[in-house]
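Breakdown of the fold
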Amino acid sequence: MDIKKIIEKFDIAGRYLEGIPYGNGHINDTYCISMEERRGERRRYILQKINHHVFREPDKLMENIQNVTSYLKEMIRKNGGDPERETLQVIPGKSGGSYLLEDGEYWRVYKFIEDSISLEKVEKPEDFYESAVAFGRFQRLLSGFDASSLHETIPDFHNTKDRIKKLHKAVQEDRYHRVQDVAKELAFIKEREDEAGLLVDLLEKGELPLRVTHNDTKLNNVMLDNKTGKGICVIDLDTVMPGLALYDFGDSIRFGANTGAEDEQDLSKVSCDLNLFEWFVKGYLEGCANSLTTKEVELLPTGAKIMTLECGIRFLMDYLEGDVYFKIHREGHNLDRARTQLKLVRDMEVHWNQLVEIVNKYK
Ligand code: ADP
Ligand code: GN1
Ligand code: MG
């Protein structure tokens, strides 16, 4: 693919130097682009090919991102922050528009957020705390955003009940004859099917508030400042949609508080780090400026458990469907990922009282 040809169609000054694959996202194809400007200065950009099998309507997705980042910019400015650095900056195409459609593929460009890093693993608890503050603040900054103007980029994204239904369908179809490999995992999920629907039920009953949430709060979706260590910018805004704060909290825990990697094959290394769980609870509540309802706070452990179970269900379903959704790098990768998530759920159950006690300290 001719990256140079693509990048030159965006409103960027300078001479193309290089474009290299970048990051560890499971969905989009990301490149870091270096350009040389007039006085020999280098400037970097993030170029992404939007996965339009996952995001079926990239134009609507980009409309969301434009609106959300414009709103955030205004809010950040009002709060005395630096909008250039604290939210994504979309670079338009030379012929206008926020993305480029070329040979059936959708491309977009962001300014590279320099002097910052995204982590694949928590290195010190403070990093996790800072990510929590950033995700909490993100949700708070968007609390006045008109949610009805947002497109649902992936319908039923965190509808855990619907995810279970889809898993059943994949099991029935068994197109790749893989169901035989996963009897234990399916039984584990079956035992937890009822509780898995709890958040969806409470939302329907109006017992949990619908908010504008990020919905994909992995640690590597927040940029931490190299100097201060602070979480400066929440990135990967493709799934910003109306949702529950518990989705954001839970998804962060399932990724960042895991003592093992998301795709660890040695399950004895996978558990929920209670210390990290506590750092995140503290940071997230601070970031939200204590705006969560008592019910939301009470349900934080449940959010963590359900989001972890849901992610396990999604990985397992993708394994059964022939690995068409998440990028894989080895055979059985999605099955390994599903197993870590289920192991993590089990570990949360074993330490349930401790999770609840931790949250009670912050009520
Ligand atoms: P995916 O949707 O595939 O997860 P992301 O948007 O999260 O893709 O990007 C993948 C990685 O690229 C991120 O984890 C981060 O390391 C890096 N990245 C993305 N946007 C920027 C940016 N504006 N500045 C610097 N790094 C970025
Ligand atoms: C994907 O794009 P990325 O890598 O940040 C996925 C999340 C999953 C996560 C599992 C749009 O996130 O929902 O939780 O992988 N994003 C989408 O690691 O499906
Ligand atoms: Mg990402």
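A brief look at the structure comes next. It should be emphasised that the depicted structure is a prediction, and the values quoted were computed from it without experimental measurement. (Residues numbered from 1 in each chain as written. Chains lettered and ligands numbered in written order. Predicted model: local features only at pLDDT ≥ 70, side-chain atom pairs only at ≥ 80, totals over all residues. Heavy atoms only, no water.)

Surrounding ligand 2, one finds 19 residues, the nearest of these being H26, K218, E262, R314 and Y325. D216 has a polar side-chain atom sitting 3.0 Å from an oxygen atom of ligand 2. Looking at the shell around ligand 2, the elements that each hand over two or more residues are α9 (245-256) and α12 (300-320). Among the elements that make up the shell around ligand 2, the one with the highest residue count is α12 (three residues). Of the residues that constitute the shell around ligand 2, the class distribution is eight nonpolar, four polar and seven charged. (Near = heavy atom within 4 Å. Polar contact = N/O pair within 3.5 Å; in protein donor to acceptor, adjacent residues only side chain to side chain. Helix = DSSP H or I, 4+ residues; strand = E, 2+ residues; numbered from the N terminus. Nonpolar A, V, L, I, M, F, W, Y, C, P; charged D, E, K, R; others polar.)

With 18 residues, helix α13 (residues 333-350) extends 26 Å from end C-alpha to end C-alpha; this agrees with the ideal 26 Å at 1.5 Å per step. Where burial is concerned, most of α13 is hidden: 14 out of the 18 residues are buried. (Expected span 1.5 Å × (residues − 1). Buried < 20%, exposed > 50% of the residue type's maximum accessible area, 1.4 Å probe, protein only.)

A word on the packing of aromatic side chains. Taken as a whole and judged by the stated rule, the model has twelve aromatic pairs. With centroids separated by 6.0 Å and ring planes inclined at 55 degrees, the aromatic side chains of F249 and Y284 adopt a geometry described as tilted. Of this pair, F249 sits in helix α9 while Y284 is found in helix α10 (residues 274-287), placing the two residues 35 residues apart along the sequence. Geometrically, the ring pair formed by Y325 and F326 is edge-to-face, given 4.7 Å between the ring centres and 70 degrees between the ring planes. In this structure an aromatic cluster arises from ring pairing among F128, F249, F277, F280 and Y284. The residue whose ring lies beneath R178 is Y319, and the NZ or CZ to ring-centre distance is 4.5 Å. Here K305 stacks its cationic end above the ring of W352, 5.7 Å away from the centre of that ring. (Phe/Tyr/Trp six-rings, centres within 6.5 Å; stacked < 30°, edge-to-face > 60°. Lys NZ or Arg CZ within 6 Å of the ring centre and 35° of its normal.)

A few words now on the coordination of the magnesium ion (ligand 3). Those protein atoms acting as donors to the magnesium ion (ligand 3) are N221 (OD1) and D236 (OD), and they sit at 2.2 Å. Highlighted residues: N221 in the loop between β8 (211-213) and β9 (222-225) and D236 in the loop between β10 (231-234) and β11 (241-243), separated in sequence by 15 residues. On the basis of relative accessibility, which here comes to 6%, the residue N221 falls in the buried class. Overall, the relative accessible area of 26% leaves D236 in the partly exposed class. (Donors = N, O, S within 2.8 Å, 3.2 Å for Na, K, Ca; no water.)

This part takes up the layout of surface pockets. Roughly 460 Å³ of volume is contained in the second largest pocket. Lining the second largest pocket are 17 residues; nearest its centre among them are H53, V54, I154, R163 and Y325. For the lining of the second largest pocket, the secondary structure elements donating two or more residues are α5 (160-173) and α12. Counting residues per element, the lining of the second largest pocket draws most heavily on α12, at three residues. Classifying every residue of the lining of the second largest pocket by side-chain character gives seven nonpolar, two polar and eight charged. (1 Å grid on protein atoms, 1.4 Å probe; cavity = no way out; pocket = protein on both sides within 12 Å on 5 of 7 lines; lining within 4 Å. Points joined across faces, edges and corners; volume = space filled by probe spheres on them.)

Look at D103: it is not a glycine, yet its phi comes out positive at around 50 degrees. For D103, the position within the fold is in the loop between β5 (100-102) and β6 (105-111). Judged by its relative accessible area of 70%, D103 is exposed. Even without a glycine there, the phi angle at D156 is positive, about 55 degrees. Inspection of the secondary structure puts D156 in the loop between α4 (125-141) and α5. Residue class for D156 comes out partly exposed when judged on its relative accessible area of 32%.

Honestly, that's just the spatial picture; any functional story needs more than this.
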